[in-house]
Protein chains: 2
Amino acid sequence: MKQRISIVENILSANDQMANNNQNIFNEAGIFAINIMASPGAGKTTFIIKTLESLQGRLRIGVIEGDLATSIDAEIVAAAGLPAVQINTGGNCHLDAVMVSNALPALPLEKLDLILVENVGNLVCPASFKLGTHMNILIASIPEGDDKPYKYPGMYRGVEALIISKIDLLPYVPFNMDYFRRGVEILNPNITTFPVSAKTGEGMDAWADWLVEKIKGNS
Amino acid sequence: MKQRISIVENILSANDQMANNNQNIFNEAGIFAINIMASPGAGKTTFIIKTLESLQGRLRIGVIEGDLATSIDAEIVAAAGLPAVQINTGGNCHLDAVMVSNALPALPLEKLDLILVENVGNLVCPASFKLGTHMNILIASIPEGDDKPYKYPGMYRGVEALIISKIDLLPYVPFNMDYFRRGVEILNPNITTFPVSAKTGEGMDAWADWLVEKIKGNS
């Protein structure tokens, strides 16, 4: 048993070292990087494209897409005019720092201010692996239900901002916003939340303005 | 590297042995058991309660609920009148056969015909761990989007039935049913699908009737 634990510890520590390397690369290039996590289908790719639209002319964005298989998301993002690279994890339930490191040479780092890393759709595994990004954010979609903070506490604890997506669906699904927010607050009292709808565009400017401020303050 | 692989193989093989034990216990008690997998928030718990309603008087059902934390789901199911036991995985992204084995003594096996095991909400990890159930099913909800079979092929390959849930949301979200079904068919041509809405009750009787036939044929 002891041996298994130490192997896991070594893997995590090797990942942390590589994450530090990635962050050094980002910093040298003057890039702010964000790790975007969510359930499958919470709207990560659409949110990335809407973020691009809201940031038009303010920040130059590149995207790293993580999925088990296919390059569907990288193609969607590239079609929107963004430099994009797809990582296929080959069955793995999360990105890790080595995968991100291997993807970086495919992006024109010297021409970017912001890299959005779309992690594998999963509310468990991605929380345990640092990628070297400067900020972790979580997208929680309304149709997933209001109990998710209570059921996936590790994910809600480890992020700096929470995007509440698909708020246009609120009239059609049972979702108690107070109950949801109470769960979030217990786990992460300092989190910043942005209710958004990619369909109507609601909330996207508030998120984009906050992000620009954040990055200026960071540089 | 070789050592790490062999450790993983041993873990899986130990799990398989325990899964066989679980299936023997189910068989001796005359119980048919189903492993229900899905993304977080696809509607697993609601589907279980609606299945209970559709099977009223035909099969006696018990439920094993799997979550990282909380007993929210077991409480909901128990409130609906079902014998229920909650497994908390303590951060683990899937149930395994040992967890299920440990949960079985909490259920009145001699009084049950069917056990529904609700796995952790995750489209990756649960696919790799047998529990000893007789059938794996997947719930895919409409708001998750039509690209999920392409992105999570392992999950779609390993199930016998597919429940397409929340079809009442079809008017409000982009979802190309043909594209979705083509993806499913490539991976799993013999799968049986049931489009359902827990809100309107649509499709639940077809699922319940199919299940009763299936279990009768199996016994």
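In this report, the structure presented in the accompanying data block is examined. (Residues numbered from 1 in each chain as written. Chains lettered and ligands numbered in written order. Predicted model: local features only at pLDDT ≥ 70, side-chain atom pairs only at ≥ 80, totals over all residues. Heavy atoms only, no water.)

**Examining the environment of A:Pro189**
Right, so step 1: Counting through the fold element by element, A:Pro189 comes out in the loop between helix H7 (177-187) and strand S7 (192-195).
Right, so step 2: With 31 residues separating them in the primary sequence, A:Pro189 and A:Gly158 have C-alpha atoms 11 Å apart. (Helix = DSSP H or I, 4+ residues; strand = E, 2+ residues; numbered from the N terminus.)

**Describing the sheet that holds strand S1 (residues 32-38) of chain B**
Residues and elements named next belong to chain B.
Right, so step 1: An order of S3-S2-S4-S1-S5-S6-S7 is seen for the seven strands of this open sheet, with the pairing classed as parallel. Of all strands in the sheet, those with a lone pairing partner are strand S3 (84-88) and strand S7 (192-195), marking the two edges. This sheet shows a mean twist of 20° between the axes of neighbouring strands, independent of strand direction.
Right, so step 2: Here helix H2 (residues 44-55) sits on the sheet and contacts S1, strand S2 (61-67), strand S4 (114-118), strand S5 (135-141) and strand S6 (161-165); the angle it forms with S4, its principal contact strand, is near 165°.
Right, so step 3: Sheet strands touched by helix H3 (residues 72-79): S2, S3 and S4. Its angle to S3, the strand with the most contacts, is close to 175°. (Pairing = 2+ DSSP bridges. Axes fitted to C-alpha atoms, helices over the stretch in contact; angles between N-to-C directions. Contact = heavy atoms within 4.5 Å.)

**A short note on the packing of aromatic side chains**
Right, so step 1: Counted under the stated rule, the structure contains 15 aromatic pairs over all chains.
Right, so step 2: When the centroid spacing of 5.7 Å and the interplanar angle of 70° are considered together, the rings of A:Phe194 and A:Trp207 count as edge-to-face. Here A:Phe194 is found in strand S7, whereas its partner A:Trp207 is found in helix H8 (residues 204-218), with 13 residues between them in sequence. Neither A:Phe194 nor A:Trp207 differs from the other in exposure class; each is buried.
Right, so step 3: Judged by centre distance (5.2 Å) and plane angle (50°), the rings of B:Phe175 and B:Phe180 are tilted. B:Phe180 shares its class with B:Phe175; the two are buried.
Right, so step 4: An aromatic cluster is built from A:Phe47, A:Phe194, A:Trp207 and A:Trp210, whose rings are joined through pairwise contacts. (Phe/Tyr/Trp six-rings, centres within 6.5 Å; stacked < 30°, edge-to-face > 60°. Buried < 20%, exposed > 50% of the residue type's maximum accessible area, 1.4 Å probe, protein only.)

**With respect to empty space enclosed by the protein**
It is a probe the size of a water molecule, rolled over the atoms, that shows where empty space is left.
Right, so step 1: Inspection of every chain in the model, using the stated rule, returns one cavity of 30 Å³ or more.
Right, so step 2: The space that makes up the largest cavity amounts to roughly 70 Å³.
Right, so step 3: Residue lining of the largest cavity: 15 residues in total, with A:Ser141, A:Glu144, B:Gly41, B:Ser141 and B:Glu144 positioned closest to the centre. (1 Å grid on protein atoms, 1.4 Å probe; cavity = no way out; pocket = protein on both sides within 12 Å on 5 of 7 lines; lining within 4 Å. Points joined across faces, edges and corners; volume = space filled by probe spheres on them.)

**Digging into the interface of chain A and chain B**
Right, so step 1: Counting from both sides, the interface comprises 37 residues of chain A and, opposite them, 37 residues of chain B.
Right, so step 2: Across the chain A/chain B interface, buried area totals approximately 2,700 Å², and carbon plus sulfur atoms make up 63% of it.
Right, so step 3: Interface area lost by chain A to chain B is led by A:Pro40, A:Lys151 and A:Tyr172, which between them contribute 22%.
Right, so step 4: For A:Lys151, the salt bridge identified is with B:Asp73, shortest N-O distance 2.7 Å.
Right, so step 5: The set of elements that each furnish at least two residues to the side of chain A that touches chain B consists of helix H1 (2-28), helix H3 (72-79) and helix H5 (148-151) of chain A.
Right, so step 6: Top contributing element to the side of chain A that touches chain B by residue count: H1(A), with four residues. (Buried area = accessible area lost by both parts, 1.4 Å probe. Salt bridge = Lys/Arg side-chain N within 4 Å of Asp/Glu carboxyl O.)

This is a description of form; function is not addressed.
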